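# Architecture and fold: a report
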2 protein chains.
Amino acid sequence: MTRVLVVDDEPQIVRALVINLKARKYEVDAAHDGASALELAAARHPDVVLLDLGLPDLDGVEVIRGLRGWTRVPIIVLSARHSSDEKVEALDAGADDYVTKPFGMDELLARMRAAIRRAEPVAGEDESTVVTEGFTVDLAAKKVNRDGTDIRLTPTEWHLLEVLVRNAGRLVSQTQLLQEVWGPAYRTETNYLRVYLAQLRRKLEADPSHPRHFITEPGMGYRFEP
Amino acid sequence: MTRVLVVDDEPQIVRALVINLKARKYEVDAAHDGASALELAAARHPDVVLLDLGLPDLDGVEVIRGLRGWTRVPIIVLSARHSSDEKVEALDAGADDYVTKPFGMDELLARMRAAIRRAEPVAGEDESTVVTEGFTVDLAAKKVNRDGTDIRLTPTEWHLLEVLVRNAGRLVSQTQLLQEVWGPAYRTETNYLRVYLAQLRRKLEADPSHPRHFITEPGMGYRFEP
DNA sequence: GGGGGGCGTCAAGACTCCGTTAGGACTGGC
DNA sequence: GCCAGTCCTAACGGAGTCTTGACGCCCCCC
């Protein structure tokens, strides 16, 4: 669950925020001065901090610096002051966003979501490796690994492999392969395919003469089977 | 240098932004509709996007989605609309910040700095040093150590090493290397790569003629293996 | 059972690409 | 204005890659 640290010295505001956040399934901690804010942040490791600038003990900017000394947790400043200088100072001290009171709760929540999303590690899209029983193809790193050792492929071999792997399981026609790898002028040079498919099989198949992953569909094309 | 993409259909606003940003040593590209914004973003890889929501062709939110399909570049929305719904929609679509016109230039710049800082890779303690058997690269301190002594690298050598090390294990194409180190106009000068790779190997490899860490993939590019 | 098209295999020449070297141009510091 | 360091550029030999043609096999169709 996402954890939020609310820092404000006005009890009403804290209460309003806490109620709203808990209703949306956030886990909420609250501090009403700078010192306890820093303590709570260290103890609870929140995913986002909502920070009022007007605290009784520390200047809000000091709190930001204190946090930035050891964490990159998103900090959203809440402040009644509209002055441009204050905003610049807080942002340059390390704040991520600056919202002036009074603010709409919807907007604040959207800004929180944006800040949290941004802080997430790049999770997705890294699924660029294809694994078979015999070998592993890493499309991003342009690497092929077999039995723990990297296999060297020539540019043409790699290009051909890439087209086949990106269409894993599907039949790719000879015309399409030739066009993608050698260009539109070579759409009839089926010779090339035979030569390079053989080389790929020799480098990657356990038994090159009985391929299991690079299947020939006579008269039609080739298919890569993971 | 930090690159900014400004997207707005009102020429005055674009002009004002461009002047202000260039005065502060940002590199600026400008687009006046959504389609060219997406194109420019793909071509130039900006470090931050300033996006007006009211574009002639696409809805601003569509532009955000288009960008978020392939990049996490910070997007700061500039809009004349104060409605909370609009803000929520833009932020949830993937925007990082939402500034309502008219805005103070100081504040916008501070929000830009915050967005850019946040997007920076975790430079500190995390994994800013890469260690191999022969040498150690400290990306944060810009230092290379070998057998206890620091190795001096020229700016170009360092830049090249940095790109390779940041993509450790992955293959980096010659085009990408040339573009990152020398700029888009030099994408075909593979000469440079050969010369500077040789210098890097001479300074860092135990046996420069049989490199173990700076691997050549003929016809494709180079790869740094830790 | 014979013929033919499609496929796998092999080898050799042409070609591209890479490592290396060296010299001249350029820049910044003294 | 000189000097050291750095960058750009061109050229060459060698290694690896691509292209190309030829040959034999298998399977399908006649």
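Anyway, here's the lowdown on the structure attached to this text. Fair warning: this is a prediction, and the values are worked out from it, not measured in the lab.

### Brief notes about the interface of chain B and chain A
Across the contact, 32 residues belong to chain B and 31 residues belong to chain A. Carbon and sulfur atoms make up 43% of the area that chain B and chain A hide from each other, which totals about 2,700 Å². Linking chain B with chain A are 10 salt bridges. The partner of aspartate 92 of chain A in a salt bridge is arginine 113 of chain B, with the nearest N and O atoms 2.8 Å apart. Scanning the region where chain B abuts chain A turns up 20 residue pairs in polar contact (both at pLDDT 80 or more). Of all the secondary-structure elements, those providing two or more residues to the side of chain B that touches chain A are helix 4 (84-93), strand 5 (97-100), helix 5 (105-119) and strand 11 (214-217) of chain B. The element that contributes the greatest number of residues to the side of chain B that touches chain A is helix 5 of chain B, accounting for 8 residues. For the side of chain B that touches chain A, the class distribution of residues is 11 nonpolar, 5 polar and 16 charged.

### With respect to the pattern of salt bridges
Pairs can form between side chains of opposite charge once their charged atoms are near each other. Taken as a whole and assessed by the stated rule, the structure comprises 44 salt bridges over all chains. With a shortest N-O distance of 3.0 Å, glutamate 107 of chain B and arginine 111 of chain B are connected by a salt bridge. Residue glutamate 107 of chain B and its partner arginine 111 of chain B are both found in helix 5; the two are separated by 4 residues, about one turn of the helix. Judged by its relative accessible area of 11%, glutamate 107 of chain B falls in the buried class. By relative accessible area, arginine 111 of chain B is classed as buried at 4%. Members of the salt-bridge network, linked through shared partners, are Lys87, Asp97, Glu107 and Arg111 of chain A together with Lys87, Asp97, Glu107 and Arg111 of chain B.

Rules of the game
Residues numbered from 1 in each chain as written. Chains lettered and ligands numbered in written order. Predicted model: local features only at pLDDT ≥ 70, side-chain atom pairs only at ≥ 80, totals over all residues. Heavy atoms only, no water. Contact = heavy atoms within 4.5 Å. Buried area = accessible area lost by both parts, 1.4 Å probe. Salt bridge = Lys/Arg side-chain N within 4 Å of Asp/Glu carboxyl O. Polar contact = N/O pair within 3.5 Å; in protein donor to acceptor, adjacent residues only side chain to side chain. Helix = DSSP H or I, 4+ residues; strand = E, 2+ residues; numbered from the N terminus. Nonpolar A, V, L, I, M, F, W, Y, C, P; charged D, E, K, R; others polar. Buried < 20%, exposed > 50% of the residue type's maximum accessible area, 1.4 Å probe, protein only.

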